[in-house]
Amino acid sequence: MSIKLRLTLMSFLQFFVWGAWLITVGNYWFATKQWSGAEFGAIFSTLGISSIIMPAITGIIADKWVNAERLYGVLHIIGGLFLLYIPEVTDPTTFYYVIFGAMLCYMPTISLSNSVAYNILKSNDYDVVKVFPPIRVWGTIGFIAAMWITNLTGNKASATMFYISAISAFILGIYSFTLPKCPPQKLISEDASVAEKLGLNAFKLFGTYKMALFFLFSMFLGGALQLTNMYGDVYLSEFAKVPEYADSFVVKYSTIIMSISQISETLFILAIPFFLKRFGIKQVMLISMLAWVLRFGLFAYGNPVDGLWMIIMSCIVYGMAFDFFNISGSLFVETTTDSKIRSSAQGLFMMMSNGFGAFFGGLISGIIIDKFFTHDGVRDWHHIWLSFAGYAAVIAFLFAFMFKHEHNPDEVKNTRH
């Protein structure tokens, strides 16, 4: 196989492993195991904790001691063992620790897969900016394919989803050992401080009002990023409890309906350069926040029959909500920080949004749903989604007035995604 094809397969499997269970684990938790919502929120908080502590540690290991492709493979194999054990778990506390182990292994492989791809492409004289995006888009296709397979094989609420994920993790882990070698780069200076090695030197940016505000809003919006991944499939599946919707397409193929969100994500990436040049970074971030209000609001009023268009529209809006903030936020960091700490600042942005944000979002949403919106085991999805929409609306309102950033077309003139 050609280098590009081998990396495409790696990208496909990287997100296939995740897509096999991430969107459907709520069905397994609530419908099959019938565990509580408060404890379920903690499950998704493991994504946040793992995003905070693991990428920096594995980055140091790959830079100093171990080939990146080998470390990548070992992490997937160990993560696969955790996933393989999940169907044996009979209580929510053990489930939490096992999925936490799986996430400690999986989350750093997202950045490692990028590092491996960049390294191999550069050593083979490829133009990374031109060649990498078409390779990476196969990751999203892999995620969608796994969702479809889990749904179409009748496993959106069964333990088999974890077997599908584990087997694909083993295949990817073994396959990664066949990739071209990516030896330690030793880019981190021997006399670098612990803070520099762990990428913590960017925390001094909190001393600047504008950057502190940006990172704070990143965390608050990050709390919303995983909510529909956590609860979307459960919400659609629970329409089965309403007699007139029980046999609808949406109930039977809820995971496939949810996959429209990922398809939309790949399409909205193409629109980002236009929006950035036309409206600027702040406005694009604000559009993202308003898109989250729409995402949740449309779910609140949708249903599988006459409100189906709202559910589908909500899934389409997701692409704008998710992509616009992540990429415009990344570009804001790129254009406003010193080159010496830029890499660390990007890591801090991801830490605040996908780390602390996802952690608190997962934990608090589970508690709120259980305490205020669950009565006799029945979840009030209409008001759950409305409360999420209200949360996003408050963030958007505060961001619009508090965050000051002038649009400079030159900042985004040469942006390519």
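Provided above is the structure to which this section pertains.
Residues numbered from 1 in each chain as written. Predicted model: local features only at pLDDT ≥ 70, side-chain atom pairs only at ≥ 80, totals over all residues. Heavy atoms only, no water.

Details of the overall build of the chain
Now for step 1: The number of helices and strands found in the chain is 17 helices and two strands.
Now for step 2: For the chain, the C-alpha radius of gyration of 21 Å lies close to 22 Å, the compact-globule estimate for 417 residues.
Now for step 3: On the principal axes, the C-alpha backbone points of the chain span a range of 65 × 50 × 35 Å.
Now for step 4: Burial status across the chain gives 57% buried among its 417 residues.
Now for step 5: If you take every contact in the chain between residues at least 6 apart in sequence, the share linking residues at least 24 apart comes to 82%.
Now for step 6: Total accessible area on the chain is roughly 17700 Å²; 66% of this is exposed by carbon and sulfur atoms.
Now for step 7: Within the chain, one finds 27 positive and 25 negative side-chain charges whose respective centroids are separated by 8 Å. (Helix = DSSP H or I, 4+ residues; strand = E, 2+ residues; numbered from the N terminus. Rg over C-alpha atoms; globule rule 2.2 N^0.38 Å. Buried < 20%, exposed > 50% of the residue type's maximum accessible area, 1.4 Å probe, protein only. Contact = heavy atoms within 4.5 Å. Areas by Shrake-Rupley, 256 points an atom, 1.4 Å probe, with all protein chains shown as cover. Lys, Arg positive; Asp, Glu negative; His and termini not counted. Charge placed at Lys NZ, Arg CZ, Asp CG, Glu CD.)

Let's talk about the nonpolar core
Now for step 1: If you look at the biggest cluster of nonpolar residues, it comprises 108 residues, and the most contacted ones within it are W18, W21, F95 and Y231.
Now for step 2: Per element, the largest residue contribution to this core is 14 residues, and it comes from helix 14 (residues 308–336).
Now for step 3: In this structure F95 touches V25, Y28, W29, W35, I43, I86, V89 and F162, once residues within four positions along its chain are discounted.
Now for step 4: Ranked by size, the runner-up nonpolar core spans 28 residues in total, among them L71, L75, C105 and A146. (Core = buried A, V, L, I, M, F, W, Y, C linked by side-chain atoms within 4.5 Å.)

Concerning helix 4 (residues 68–85)
What sets the pattern is the α-helix's 3.6 residues per turn: residues three or four places apart point alike.
Now for step 1: The first and last C-alpha atoms of helix 4 sit 26 Å apart over 18 residues, in line with the 26 Å expected at 1.5 Å per residue.
Now for step 2: Inspection of helix 4 places A68, E69, L71, Y72, G73, L75, H76, G79, G80 and L83 among the buried residues, and these make up the whole buried set.
Now for step 3: Next to the buried residues of helix 4 lie helix 1 (3–19), helix 3 (37–64), helix 5 (92–123) and helix 7 (160–176). (Expected span 1.5 Å × (residues − 1).)

Things to note about the packing of aromatic side chains
Now for step 1: For the coordinates displayed, the defined rule picks out 48 aromatic pairs.
Now for step 2: For the ring pair W29 and F40, a centre distance of 5.6 Å and an interplane angle of 50° mean the geometry is tilted. In this pair, W29 is assigned in helix 2 (residues 25–32) and F40 in helix 3, connecting sequence segments eleven residues apart. Like W29, the residue F40 is buried in the burial classification. (Phe/Tyr/Trp six-rings, centres within 6.5 Å; stacked < 30°, edge-to-face > 60°.)

What to know about the pattern of salt bridges
Now for step 1: Per the counting criterion, the structure on display carries three salt bridges.
Now for step 2: Between K241 and E238 there is a salt bridge, with the nearest N and O atoms lying 3.8 Å from each other.
Now for step 3: What makes K241 exposed here is its relative accessible area of 52%.
Now for step 4: Here E238 falls in the buried class, since its relative accessible area comes to 14%.
Now for step 5: Here the salt bridges do not stand alone but share partners, grouping E238, K241 and R379 into one network. (Salt bridge = Lys/Arg side-chain N within 4 Å of Asp/Glu carboxyl O.)

Looking at helix 16 (residues 381–402)
Now for step 1: Over its 22 residues, helix 16 extends 32 Å from the first C-alpha to the last, a length consistent with the 32 Å expected when each residue adds 1.5 Å.
Now for step 2: All of the buried residues in helix 16 are W381, I384, W385, F388, A389, A392, I395, A396 and F399. Take helix 16 and look down its axis: the buried residues cluster within an arc of 130°, on one side only. Every exposed residue of helix 16 that faces more than 90 degrees away from the buried side is listed here: F397 and F401. (Arc of directions from axis to C-beta.)

Remarks on the environment of S259
Now for step 1: Tracing the backbone shows S259 in helix 12 (residues 254–279).
Now for step 2: We classify S259 as buried; its relative accessible area is 1%.
Now for step 3: Separated by 198 residues in sequence, S259 and I61 have C-alpha atoms that sit 35 Å apart.
Now for step 4: Polar side-chain contacts of S259 include one of 2.8 Å to the side chain of W148. (Polar contact = N/O pair within 3.5 Å; in protein donor to acceptor, adjacent residues only side chain to side chain.)

Some remarks on unusual backbone geometry
Now for step 1: Despite not being glycine, Q34 shows a phi value in the positive range, around 55°.
Now for step 2: Given the relative accessible area of 63%, Q34 is considered exposed.

Quick notes on the packing of helix 10 (residues 227–237) against helix 16
Now for step 1: With their axes 12 Å apart at the nearest point, helix 10 and helix 16 run at an angle of 160° to one another. Judged on the interaxial angle alone, helix 16 and helix 10 are roughly antiparallel. Crossing of helix 10 against helix 16: the hand is left-handed. Contacts from L227, T228, Y231, G232, V234 and Y235 of helix 10 reach helix 16 at W381, W385 and F388.
Now for step 2: A breakdown of the residues in the contact of helix 10 with helix 16 according to their chemical character gives seven nonpolar, two polar and no charged. (Axes fitted to C-alpha atoms, helices over the stretch in contact; angles between N-to-C directions. Parallel < 35°, antiparallel > 145°, perpendicular 65-115°, else oblique. Left-handed = near helix turned anticlockwise from the far one by under 90°. Nonpolar A, V, L, I, M, F, W, Y, C, P; charged D, E, K, R; others polar.)

Regarding the environment of M161
Now for step 1: Residue position: M161 is located in helix 7.
Now for step 2: Of the residues examined, M161 reaches a relative accessible area of 0% and is grouped as buried.
Now for step 3: With sequence-adjacent residues up to four places away left out, M161 is seen in contact with A20, W21, T24, V25, Y28, T150, N155 and K156.

A short note on a nonpolar patch on the surface
Now for step 1: A cluster of nonpolar side chains, Y209, V394, F397, L398, F401 and M402, forms an exposed patch at the surface whose accessible area comes to about 640 Å².
Now for step 2: Considering each element in turn, the nonpolar patch owes the most residues, five residues, to helix 16. (Patch = residues over 30% accessible without salt bridge, like charges linked within 9 Å, V, L, I, M, F, W, Y side chains within 5 Å.)

What about the packing of helix 3 against helix 4?
Now for step 1: Between helix 3 and helix 4, whose axes approach to 9 Å, the crossing angle comes to 140°. Comparing the axis directions of helix 3 and helix 4 gives the class oblique. In this structure, helix 3 contributes T58, I61 and A62 to the contact, and helix 4 contributes A68, L71 and L75.

Some details on the side chain of T374
Now for step 1: Structurally, T374 is set in strand 1 (residues 374–375).
Now for step 2: Among the polar contacts listed, one links the side chain of T374 to the backbone oxygen of I369, at a separation of 2.8 Å.

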